[in-house]
Amino acid sequence: MALVALAHGLGAIAWPRVLGDPRAQPLSAAGIVPVLVRLQLERDDTPVAASSRLSGTATWHRWTARDDGGHVARIYLSMWLDLHGTPATTFGGPTGAPAAPVGRVHAEHVFTRLFAPAGERRVRDLPGGAPRDEGPVRDLEAVGGAGEPLPDLPLRFGRTHTDSNQHVNSLVYLRQLTDALAGEAPAGSPRRCEIAWRKPFFCGDEAVLRRWRTAEGAWGAAWVDTAGVTRCRAALAL
């Protein structure tokens, strides 16, 4: 199972449950939507045929992050998804083995007023109040660690890279990084990845993809805009 394919299980299994919750409609009416800011994917070695039907279990949770002064900084929506399937190959059919884990996904979203004017997009309260459960604001710079640098790659995002949010789609970053590292790791498919965003890219934006090899044998990457700001970081491991 390719890492990039695991994320589609969120749309098939997790999102229908989230959008079916009675609390979702007031958010939509207020123009508040959860936007992805962190994605973790991990695959298992279970062989999957192109026609395989997978099953999954999804859970989700809202929580609040506070600043050093104790005030609400962000409100988050986290999702977890575990996928299972019957081992099979595309041309050979079922292997006869029992159902087994295929992979898992953790997605973290921040609530925002997506199309509000700049300065009015941050959400510090929700209809019904901010969630009582709390957690920390994640450190973007910790994603991918540090290591031996590889050559930078220039990028330009086009219309085909964007989604309904008008952002560059989250999975575009994973594909770009996987393609960029094909010459560094020609044997084997990535097993784990983590991607986190400070700010999305848009159609027409230019960036530099900075990559490095970590001491643990994994790879880190950062997407840096023309102002020198790191908007996204990633970690990838075989």
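Above: the structure in question.
Positions within a chain are numbered from 1, following the residues in the order the chain's sequence is written. Side-chain atom pairs in this predicted model are given and counted only at pLDDT of 80 or more, local residue features only at pLDDT of at least 70, and totals for whole chains, interfaces and linings cover all residues. Hydrogens and waters are ignored; side-chain quantities use all the structure's heavy atoms.

### A word on the state of the cysteines
Thought 1: Defined by distance alone, a disulfide is two cysteine sulfur atoms within 2.5 Å. If you walk through the whole model with that rule in mind, you get zero disulfides.
Thought 2: Just so you know, Cys193 is unpaired, no disulfide at all, and the nearest cysteine sulfur is the one on Cys232, 10 Å from it.
Thought 3: The thiol of Cys203 is not disulfide-bonded; the next cysteine sulfur, from Cys232, is found 18 Å away.
Thought 4: With a relative accessible area of 41%, Cys203 lands in the partly exposed category. Classification of residues uses two cut-offs on accessible area relative to the type maximum, computed with a 1.4 Å probe and protein chains only: under 20% is buried, over 50% is exposed, and between them is partly exposed.

### Overview of the packing of aromatic side chains
Thought 1: Any two rings among Phe, Tyr and Trp, with Trp reduced to its six-membered ring, count as a pair given centres within 6.5 Å; such a pair is stacked if its planes are under 30 degrees apart, edge-to-face if over 60, and tilted if neither. A complete count under the given rule lists six aromatic pairs for this structure.
Thought 2: Where Trp63 meets Tyr76, the ring centres are 4.4 Å apart and the plane angle is 15 degrees; that geometry is what we call stacked. Taken together, the residues span a long stretch of sequence, with Trp63 in strand E2 (residues 55-66) and Tyr76 in strand E3 (residues 72-85) at a distance of 13 residues.
Thought 3: For Trp63, a relative accessible area of 5% translates into the label buried.
Thought 4: Accessibility expressed as a relative area gives 6% for Tyr76, which makes it buried.
Thought 5: When the centroid spacing of 5.5 Å and the interplanar angle of 75 degrees are considered together, the rings of Tyr173 and Trp197 count as edge-to-face. One end of the pair, Tyr173, is in helix H4 (residues 170-180); the other, Trp197, is in strand E8 (residues 192-197), with 24 residues separating them in the sequence. Accessibility assignment for this pair places Tyr173 and Trp197 in one class, buried.
Thought 6: Put simply, the rings of Phe157, Tyr173, Trp197, Phe201 and Trp223 touch in pairs and so form one group of aromatic residues.
Thought 7: The ring of Phe201 is capped by Arg231, whose NZ or CZ atom sits 4.5 Å from the centre of that ring. Runs of H or I in DSSP of at least four residues are treated as helices and runs of E of at least two as strands, each being numbered from the N terminus. Remark: a charge is flagged as sitting over a ring if the NZ atom of Lys or the CZ atom of Arg is within 6 Å of the ring centre and within 35 degrees of the ring normal.

### What to know about the sheet that holds E3
Thought 1: Note on pairing: two strands pair once DSSP finds at least 2 bridges between them. Read from one edge of the open sheet, nine strands run E2-E3-E6-E1-E8-E11-E10-E9-E7, paired in antiparallel fashion. Lying at the two open borders of the sheet, with one neighbouring strand each, are E2 and strand E7 (148-156). Here the average twist between neighbouring strands, direction ignored, is 20 degrees.
Thought 2: Two strands pair when backbone bridges link them, and E3 and strand E6 (residues 100-113) are joined in this way by ten bridges, in the antiparallel orientation. Opposite Gly85, over in E6, you have Ala100 as the bridge partner.
Thought 3: Whether two residues are in contact is decided by their heavy atoms: any pair within 4.5 Å suffices. Note on method: axes are straight lines fitted to C-alpha atoms, helices fitted across the in-contact stretch only, with angles between N-to-C directions ranging 0 to 180 degrees. Packing against the sheet, helix H2 (residues 8-19) makes contact with strand E1 (32-43), E2, E3 and E6, and its axis sits at approximately 125 degrees to E3.

### Some details on the pairing of E8
Thought 1: Burial runs high along E8: five of the six residues are buried.
Thought 2: As defined by bridge partners, E1 adjoins E8 across five bridges and the pair is classed as antiparallel. Within the sheet, the bridge partner assigned to Leu39 lies in E8 and is Ile195.
Thought 3: Both E8 and strand E11 (residues 230-237) contribute to a ladder of six bridges, which runs antiparallel. When the sheet's bridge partners are listed, Ile195 is paired in E11 with Ala234.

### Observations regarding the pairing of E3
Side chains on a regular strand alternate between the two faces of the sheet.
Thought 1: Of all 14 residues in E3, ten are buried; the element is thus mostly enclosed.
Thought 2: Connecting the antiparallel pair E2 and E3 is a turn made up of five residues, with Gly70 showing a positive phi of about 85 degrees.

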